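Single-letter residue listing:
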Amino acid sequence: MKKIFFILGILALLLIVGYLYNKGVIKTDWQWLTIILAALAGPYKLIEDSLKEKGKGRGKGKAQQILTRQLQIEKEEAVLRQQYEALLKQKELKIEELRAKLQKLQDQLEQLQLERKQIESEVQSMTLEEKSQQFSDYFGT
């Protein structure tokens, strides 16, 4: 349907140009007119040929190939996205485990520091005889 309107439009344009040439409004050689019409027909022919490729029976058109490739790329991206999300979740779990271990080690360190301070204060409060008694208890001399 669009092709018929296009052909009718070209015919109307030719009739108008012919009428204006006949009246003397357009004073040009026909060679220039054919060059102009050829320049106008070139893009039309290109578009028409690209649209004809869609309808070929033996293969898909370019537009269909592009759409198929786009869908394939989207599926591949979805798979990769799922893989990266799973990997990210594993990394986050590992980070949480390491944070828990770190907190446990920090608690142990604080406990040992408290014990050290307590032992130091006990040692400072002991007399010389108590210190020598403890020394002999630990080292057996």
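Residues numbered from 1 in each chain as written. Predicted model: local features only at pLDDT ≥ 70, side-chain atom pairs only at ≥ 80, totals over all residues. Heavy atoms only, no water.

What about the overall build of the chain?
A count of helices and strands for the chain gives four helices and zero strands. Secondary structure elements of the chain occur, N-terminal to C-terminal, as α-α-α-α. Taken against the 2.2 N^0.38 rule, which gives 14 Å for 141 residues, the C-alpha radius of gyration of the chain at 46 Å runs more than 25% over that of a compact globule. Referenced to the eigenvectors of the C-alpha coordinate spread, the extents of the chain come out at roughly 135 × 40 × 25 Å. Looking at the chain as a whole, 3% of its 141 residues qualify as buried. When the accessible area of the chain is evaluated, it comes to approximately 13300 Å², of which 62% is carbon and sulfur surface. Of the side chains in the chain, 23 bear a positive and 19 a negative charge, and the two mean positions are spaced by 25 Å. (Helix = DSSP H or I, 4+ residues; strand = E, 2+ residues; numbered from the N terminus. Rg over C-alpha atoms; globule rule 2.2 N^0.38 Å. Buried < 20%, exposed > 50% of the residue type's maximum accessible area, 1.4 Å probe, protein only. Areas by Shrake-Rupley, 256 points an atom, 1.4 Å probe, with all protein chains shown as cover. Lys, Arg positive; Asp, Glu negative; His and termini not counted. Charge placed at Lys NZ, Arg CZ, Asp CG, Glu CD.)

Description of helix α4 (residues 128-139)
End to end, α4 covers 16 Å across twelve residues, agreeing with the expected 16 Å (1.5 Å per residue, within 8%). Of the residues one or two after α4, Gly140 is the one with positive phi, at around 65°. (Expected span 1.5 Å × (residues − 1).)

Some thoughts on the confidence of the model for the chain
This prediction gives the chain a mean pLDDT of 84; 91% of its residues lie at or above 70. Across the chain, element-level confidence peaks in helix α3 (residues 62-125) with a mean pLDDT of 94 and bottoms out in helix α2 (residues 30-54) with 73. (pLDDT = per-residue confidence, 0-100.)

A short note on the environment of Tyr21
Tracing the backbone through its elements, the reader meets Tyr21 in helix α1 (residues 2-23). Each C-alpha atom, one on Tyr21 and one on Gln31, is 13 Å from the other, the two residues being ten residues apart in sequence.

Structural notes on the layout of surface pockets
By rolling a water-sized probe across the atoms, one finds the places where empty space is left. Approximately 180 Å³ is the volume attributed to the largest pocket. What lines the largest pocket is Ile119, Glu122, Val123, Met126, Lys131, Gln134, Phe135 and Tyr138. Among the secondary structure elements, those contributing two or more residues to the lining of the largest pocket are α3 and α4. (1 Å grid on protein atoms, 1.4 Å probe; cavity = no way out; pocket = protein on both sides within 12 Å on 5 of 7 lines; lining within 4 Å. Points joined across faces, edges and corners; volume = space filled by probe spheres on them.)

Describing a nonpolar patch on the surface
A surface patch of nonpolar side chains, amounting to about 870 Å² of accessible area, comprises Met1, Ile4, Phe5, Phe6, Ile7, Leu8, Ile10, Leu11 and Leu14. Structurally, Phe6 is set in helix α1. (Patch = residues over 30% accessible without salt bridge, like charges linked within 9 Å, V, L, I, M, F, W, Y side chains within 5 Å. Salt bridge = Lys/Arg side-chain N within 4 Å of Asp/Glu carboxyl O.)

Re the pattern of salt bridges
A full pass over the atoms with the stated rule returns two salt bridges. Between Glu96 and Arg99 there is a salt bridge, with its nearest N and O atoms 3.3 Å apart. Note that Glu96 and Arg99 are positioned in helix α3 at a spacing of three residues, about one turn of the helix. Take Arg99: its relative accessible area is 53%, and that puts it in the exposed class.

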